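Letter by letter, the chains look like this.
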Amino acid sequence: MSPLLSLILIPLVTAAFCMAGAVPRRISLFGAGANLLLSLYLLASYSLEIGGFQFVSENALFPAYGISFSLGADGLSMVLLLLATLVTFAAVWVTPQVEKSPGMFYACLLFISAGAIGAFASIDLFFFYAFHELALIPTFLLIGIWGSGERQRIAWKVTIYLAFGSFILLLGLIGLWLAVPEGLRTLDIRLLQQLGYAGILAPGPVVYLLILFGFGILIALFPFHTWAPEAYASAPAPAAMLHAGVLKKFGLYGLLRIAVPIFPEEIQQFAHLVLILLLGNILYVGFVTLAQKRLDLMLGYSSVMHMGYAFLGFVALNQLGLGGMSLMLFAHGLTIAALFALCGEISRRTGTLEFSQLGGLAGLTPKLGLLFGFAAMASLGLPGFATFASEIIIFFGAFARGNVGGFNWFQTCTALALWGVVISAVYMLRAYRNIFWGARGSAVKDDTEDLGCDVRWAVILLIAVLLLTGFRPGLLLDYLNPVFAYLP
Amino acid sequence: MNPLYLEVLVVLLGIVLLIAEAFDGASAKRGIVYAGIAGLIGILAASFFIDPAAMNAAAPYARFYSADALAIFLKQFALLATIVVLVMSLEYAPTVEANMPSERRGAGLGEFYVLPIFACAGLMWMASAVDFVMIFVSLELVTIAFYILVSYLRRSEASLESGTKYLVLGALSTGFLVYGITWIYGVTGQFNLAAIAEKLPTLDQAAAPALLFGFGLILIALGFKIAAAPFQFWVPDVYQGAPTPVTAFLSVASKAAGFIVLLRVVQTFLVVPALQEKILPLLAVIAGATMIFGNLAALPQSNLKRLLAYSSIGHAGYLLLGVVSIGAPFAGTAIVFYLAAYLLMTLLAFLVMTIVAQASGGDDLADFNGLNQRAPHLAFAMLIAMLSLAGIPLTAGFLGKLFIFECAVEQQHWILVILGVITVAAGFYYYLKVIRAMYWQQPANPDAPEIKVGPLAKITIALLCALIIWVGVYPGPLLALLP
C-alpha cells in the first residue's frame, strides 16, 4: 500500500472506530500521533536530490475521463502534509471533555483531517477537489452541534458560502479540462503542469478568474471574507484550529499547484486586481480587526488579514514570493492553531471572550500567559518565528518584482502592505494587555486554574516547531524552493 | 435469450402472484411479496444474459420494439427500482392495512404488492419503444397502475385527493400526447421514430409549423410526466398524499421513463437543423425554469416527503440541462448516469423515510429530530442519501452533476450553468436541513420506542449505501454498462 494512502486511511479508520463506540479520545490521539510520525518519516525519506513527485501510486478508475486515484507528493505537498498531521495531532490533544456525543466529535475532526490530507496528497484533479469537499460536512456538523453563539445560522452561512465557492471552482476546473487539446485529456496534475509549462494548455482569462475566485472564496479573499471570522469564532476550538490552520490552506495550495504553472500570463494580466483585493485583506480587514471587542472574532479577522500576504507572494510570481508564500502556509497554520487552542482555554476558564470583561489573567495563569505571548508574537511576525521568515521573503519577492521604471504597482502595494505588520502588532499587543495585564476583569475568578498538561504540551509542540523553522527556515525551504526553481 | 421474453416473464409473474394471492386467505401476504422480489431478482439476473442478436430484425415487432444497449440498461433500472419499492412496501404494510375499509387481515395488501410489477412491465416496454403507438400504450400501462396505487389508502383523504389530482392531470397529459402524435403522423405519415427521422429532412418548409406544434404538444405531455416547470404543479400534492413506496416509484421510475421517451423524441427531431434551432431554446427555457422552481420552492418545506418532491423537480431540471446539451458527445451517457445515480439516492432516502415514518407516525422533518440518537445507522444512511442528492464528491450524485455540467460547459450554455451553480448551492441548504434535524436537534420524545427494521430492508439499505459510494468513487463498471 502506498504510504500516502495510509496517511489518508489512518484518520478515516480511526474515525470509524470513534463512531463505533471505542474510547474516542485515546484512539484518536493514537491515530493522529501515528499519522504525525508517519508524515515525519515520509518527510525524512523524501529524496531532495531526485525532487519532483515521489511515493506515486496510480489506479485508473475511469480512463475515458482520465479520472484516476493517484497519490504523490512533491516538496510543497510534503510540507503541507506535515502541517496537516501536526495540527490534527495538536487539535485532538487539546480537545477538552466533550459532553455531547464525543465519538462523533472526534470522528468529525478526523474526517476534516483526512479530507485535507487527501487533497494535499492527490495528484489527480478530481480527487484533489473531492477530498476538500468531503471536509465540508464535518465542518457543518462541528459548528452546528458543538459551536457557540449563533451556531446554527453561522453553520448554514459557512457551508453555503463554501459550497458556492467550491462550485465556482468546479466550473473553473471543468473549463480547464475542456481546454486541454483532445487526445491529451487528463486530470493528472503533473501532466497538466507539463502542458502548462510547454504553453500547450491555455484556457484563457475566464477560466483563470473562475479558479481565482473559487479558491479566493475558500481562502477568504476580500470581499468574500465575511464567512471566516464568524465561523472561527463560533466553532469549537479544535475545529477552528483544523479549519483555519489546515483546511483553508487548500485554497492557497490550489493556487500554487494549478494557477501558477498553467496561468502565468493571466496572473500577470490580472495582477492589479489581485493587488487591490489583497490590500483590502491587509488594510481594510486589518482595521476591522483593530475594532474587534472579542478575542475569537479578532483572531478570525487576523487570520483573514494574513491571507493578504499570501496573495502578495502569489501575484509576485517569482521564486522568492512563491517560496515565501508556501512557507507562510505552514507558519500561519501553526500560529493560528496555537492561538485558537489558547483562545478556547481562556473561554473555558472565564466563560467570555469580551476584552472588557477580561484582564489580569497573567498573575493567575502564568503558563497560559506565557504561551499566549509566544503565539501572539509569532502571529505578528517577530523575528525568530517562521512567520517572520515567510513574511520577509514575500516582501522581498514582491518588491523585487517591480524593478522597472515609472509608477510601480508592486512596490507601492508592498510598501502599503508593510503597514499591515504595524496593524497586527497593535491589535495583538493590545489584546494581550487587555487579557493578561492590568486590573482583574469582571469575568475572572480567583480560583482560575492554569493550563492543564495536555494543552500545554500541545501548544509547546506547535511553538517549538515555529521557532525551529524560524531559526532554520532552510529546513523547509529546501523542500519548497525546488518546486518553483524554474521561475525567475 | 430473446429480449422479448423479459417483459413476458414480468407480466406472467404478476398474473401468477395475483392468482396466488386470491387463494391466500386472511394472511399478511408476506409470501406474495417475497415471491415477487425473488422473481424480479431472477429476471434481473436473466437480463444480463440477453442476446439482442436473437431478435429477428425483419420481424414485424422490430418496427416498434428495439433492444439496444440503452433499452436493456433501462429495463434493469426499472427492475431494480421495483425490487426496492417492494421492499419498501413490506415496511409500509401496516399503514396500508390501517387504511383499508375491511378489517380482514391483509386486506388489500396483495394488489398493493402486485401492481408495481405490472407498472414495471410497462416501464420495460417503454424503454424499448421506438414507435409512437408503442410509447403511448406502455405509458398508459404504467400510468393506469399508478392511478390505482396513488389513491390506494382508501381511508386517507390526502391519498384520495392526490389520486384524483393525478388522474385528472394524467388524463389531460395523455390527451396532449395523443393529439401531438396525430399531428406528427399527419405530417409524416409515420409512427416509427426512425422512419420519422428519415422523412423529416425531405419535407418542405411549410410543414415546419405543424411539426413544431405536434412536438410542442408531446413536450407538454412529457413535461407532466417528468415534472418539468411549468407542468410541475401536481407533483408536491400527489407526492405527499400517495403512499410512500408509490411516491418513490413515481419519482424514480416514472420520471426515468419520461426522460427516455423525451430523449428518443428529441433526438428524432434534431436531425433537421431548422427544427433544432427552435427546439433547443425552448428546452433551455424549460430546463432553467425547472431548476429554479424546484430548488427554490424546496427551501421552506418542513415536510420531508414534500421536500423530496420539490427536489425531484430540481433534479428534473439538471436532467433537462443534459438534454439541452445533447450536442456534446458524452451527453447521452451523462443523462443515463444521472438517472442511475438519482435512482440509488432517491430510493435510499425514501426507504429510510418509510421506516422512520412508520415508527414516529409522520413524515415531517420534525419527526426526524434526533434520529442519530434513536437509530444511528438509519441516520447515517439518510446522511449518505442527502449528501449524494446535494452533490458532495465521492458520491454518485456528484459525478452525475459533474458529467451534466461538463456537457453544458462544453456546449457553452453559460446562463444555464450559472443558474445551475446557484440552484445547487440552494440545494445544499435544504438537504442540510434534513441532516440538521437528524444530528443537531433533540428527539421530541426521548423515550420513543426503538425503530424496528426488517432484515430485507436492512440489507437493501446497506446495499444502496455501498452502491452510492462505490459508483461515486469507482464509476468505471457502471459506465461500462451504459451505451
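Predicted, not measured: the structure shown is a model, and the values here were computed from it.

Cut-offs used in this document
Residues numbered from 1 in each chain as written. Chains lettered and ligands numbered in written order. Predicted model: local features only at pLDDT ≥ 70, side-chain atom pairs only at ≥ 80, totals over all residues. Heavy atoms only, no water. Helix = DSSP H or I, 4+ residues; strand = E, 2+ residues; numbered from the N terminus. Rg over C-alpha atoms; globule rule 2.2 N^0.38 Å. Buried < 20%, exposed > 50% of the residue type's maximum accessible area, 1.4 Å probe, protein only. Contact = heavy atoms within 4.5 Å. Areas by Shrake-Rupley, 256 points an atom, 1.4 Å probe, with all protein chains shown as cover. Lys, Arg positive; Asp, Glu negative; His and termini not counted. Charge placed at Lys NZ, Arg CZ, Asp CG, Glu CD. Phe/Tyr/Trp six-rings, centres within 6.5 Å; stacked < 30°, edge-to-face > 60°. 1 Å grid on protein atoms, 1.4 Å probe; cavity = no way out; pocket = protein on both sides within 12 Å on 5 of 7 lines; lining within 4 Å. Points joined across faces, edges and corners; volume = space filled by probe spheres on them. Nonpolar A, V, L, I, M, F, W, Y, C, P; charged D, E, K, R; others polar. Axes fitted to C-alpha atoms, helices over the stretch in contact; angles between N-to-C directions. Parallel < 35°, antiparallel > 145°, perpendicular 65-115°, else oblique. Left-handed = near helix turned anticlockwise from the far one by under 90°. Buried area = accessible area lost by both parts, 1.4 Å probe. Salt bridge = Lys/Arg side-chain N within 4 Å of Asp/Glu carboxyl O. Polar contact = N/O pair within 3.5 Å; in protein donor to acceptor, adjacent residues only side chain to side chain. pLDDT = per-residue confidence, 0-100. Expected span 1.5 Å × (residues − 1). Core = buried A, V, L, I, M, F, W, Y, C linked by side-chain atoms within 4.5 Å.

Describing the overall build of chain B
Here comes step 1: Along chain B, the regular secondary structure elements total 19 helices and zero strands.
Here comes step 2: Here the C-alpha atoms of chain B give a radius of gyration of 22 Å, agreeing with the 23 Å that 2.2 N^0.38 yields for 483 residues.
Here comes step 3: Oriented by its inertia axes, the alpha-carbon framework of chain B measures out at about 75 × 55 × 40 Å.
Here comes step 4: Looking at the 483 residues of chain B, the share that counts as buried comes to 64%.
Here comes step 5: A sequence separation of at least 24 residues applies to 80% of the contacts in chain B between residues at least 6 apart.
Here comes step 6: Accessible area of chain B: about 16,600 Å², with a carbon and sulfur share of 67%.
Here comes step 7: Charge separation in chain B, taken as the distance between the mean sites of 22 positive and 24 negative side-chain charges, equals 4 Å.

Observations concerning the packing of aromatic side chains
Here comes step 1: Taken as a whole and assessed by the stated rule, the structure comprises 53 aromatic pairs over all chains.
Here comes step 2: Here F372 of chain A and F436 of chain A contribute two aromatic rings whose centre-to-centre distance is 5.3 Å and whose plane-to-plane angle is 45°, an arrangement assigned as tilted. With F372 of chain A in helix α18 (residues 366–380) and F436 of chain A in helix α20 (residues 409–436), the pair connects residues that are 64 residues apart, well separated along the chain.
Here comes step 3: Judged by its relative accessible area of 0%, F372 of chain A falls in the buried class.
Here comes step 4: According to the relative accessible area criterion, F436 of chain A is buried, its value standing at 2%.
Here comes step 5: Arranged with centres 6.0 Å apart and planes meeting at 55°, the rings of F293 of chain B and Y310 of chain B form a pair that is tilted. Pair noted here: F293 of chain B is in helix α11 (residues 273–298) and Y310 of chain B is in helix α12 (residues 304–324), with a separation of 17 residues, a long-range link.
Here comes step 6: Overall, the relative accessible area of 31% leaves F293 of chain B in the partly exposed class.

What to know about the layout of surface pockets
Residue and element names in this part refer to chain A.
Here comes step 1: In this structure, the second largest pocket encloses a volume near 850 Å³.
Here comes step 2: Top contributing element to the lining of the second largest pocket by residue count: helix α16 (residues 319–350), with seven residues.
Here comes step 3: Grouping the constituent residues of the lining of the second largest pocket by class yields 18 nonpolar, nine polar and 10 charged.

Considering the side chain of H332 of chain A
Here comes step 1: Within the secondary structure layout, H332 of chain A lies in helix α16.
Here comes step 2: Ignoring anything within four residues of it in the chain, the contact list for H332 of chain A reads A244, K249, S303, H306, M307 and T387 of chain A.

Here's the deal with the environment of L171 of chain A
Here comes step 1: By secondary structure assignment, the location of L171 of chain A is in helix α7 (residues 151–179).
Here comes step 2: A C-alpha to C-alpha distance of 7.0 Å links L171 of chain A and L210 of chain A, two positions 39 residues apart in sequence.
Here comes step 3: Those residues within four positions of L171 of chain A in sequence are excluded, and the remaining contacts are L210 of chain A together with F405, V409, V417 and V421 of chain B.

Considering the packing of α7 of chain A against helix α16 (residues 396–410) of chain B
Here comes step 1: Relative orientation of the contacting elements α7 of chain A and α16 of chain B amounts to 60°, with a least axis distance of 10 Å. Comparing their axes, α16 of chain B and α7 of chain A come out oblique. When the axes of α7 of chain A and α16 of chain B are compared, the crossing they make is right-handed. Between α7 of chain A and α16 of chain B, the residues in contact are L170, L171, I174, W177 and L178 of chain A and F398, L402, F405, E406, V409 and E410 of chain B, respectively.

Side note on the interface of chain B and chain A
Here comes step 1: On the side of chain A, 32 residues touch chain B, which itself brings 36 residues to the contact.
Here comes step 2: In this assembly, chain B packs against chain A so that about 3,200 Å² is buried in total across both faces, 85% of it on carbon and sulfur atoms.
Here comes step 3: Applying the counting criterion to the chain B and chain A interface returns zero salt bridges.
Here comes step 4: Inspection of the region where chain B meets chain A yields zero residue pairs in polar contact (both at pLDDT 80 or more).
Here comes step 5: Elements with a minimum of two residues in the side of chain B that touches chain A: α15 (376–390), α16, α17 (414–439), α18 (455–473) and α19 (476–481) of chain B.
Here comes step 6: Its residues assigned to classes, the side of chain B that touches chain A shows 27 nonpolar, five polar and four charged.

Some words on the confidence of the model for chain A
Here comes step 1: Chain-level statistics for chain A give a pLDDT mean of 88 and a share of 99% at 70 or above.
Here comes step 2: Taken element by element, the predicted model of chain A shows its lowest mean pLDDT in strand β2 (residues 60–62) of chain A (76) and its highest in helix α3 (residues 75–94) of chain A (92).

Description of α12 of chain B
Residue and element names in this part refer to chain B.
Here comes step 1: For α12, which comprises 21 residues, the first-to-last C-alpha distance of 30 Å matches the rise-based estimate of 30 Å (1.5 Å per residue) to within 8%.
Here comes step 2: Most of α12 sits inside the fold, with 21 of its 21 residues counted as buried.
Here comes step 3: The residue sitting at the N-terminus of α12 and contributing the capping side-chain oxygen is N303; that oxygen lies 2.8 Å from the backbone nitrogen of K305.

Let's talk about the packing of α16 of chain A against α18 of chain A
Residue and element names in this part refer to chain A.
Here comes step 1: Following both chains from N to C, one finds α16 and α18 inclined at 145°, their axes separated by 9 Å at the closest point. In the crossing of α16 with α18, the sense of the turn from one axis to the other is left-handed. When α16 is examined against α18, the residues T335, A338, L339, L342, E345, I346 and R349 are found in contact with a partner set consisting of L368, L371, F372, A375, A376, A378 and S379.
Here comes step 2: Partitioned by chemical class, the residues of the contact of α16 with α18 number 10 nonpolar, two polar and two charged.

Side note on the nonpolar core
Here comes step 1: By size, the foremost hydrophobic cluster in this structure holds 403 residues, and its most contacted members are L141, F215, L295, F314 and I346 of chain A together with L347 and Y439 of chain B.
Here comes step 2: For this core, the element with the highest residue contribution is helix α13 (residues 331–360) of chain B, accounting for 22 residues.
Here comes step 3: The residues touching Y439 of chain B, leaving out its near neighbours within four places in the chain, are M104, L141 and I145 of chain A together with N372, A379, F380 and L383 of chain B.

Things to note about the environment of M325 of chain A
Residue and element names in this part refer to chain A.
Here comes step 1: In this structure, M325 sits in helix α16.
Here comes step 2: Expressed as a C-alpha distance, the spacing of M325 and Y309, which sit 16 residues apart in the sequence, is 7.6 Å.
Here comes step 3: Once residues within four sequence positions are removed from consideration, M325 is found in contact with L252, L256, A310, G313, F314 and I394.

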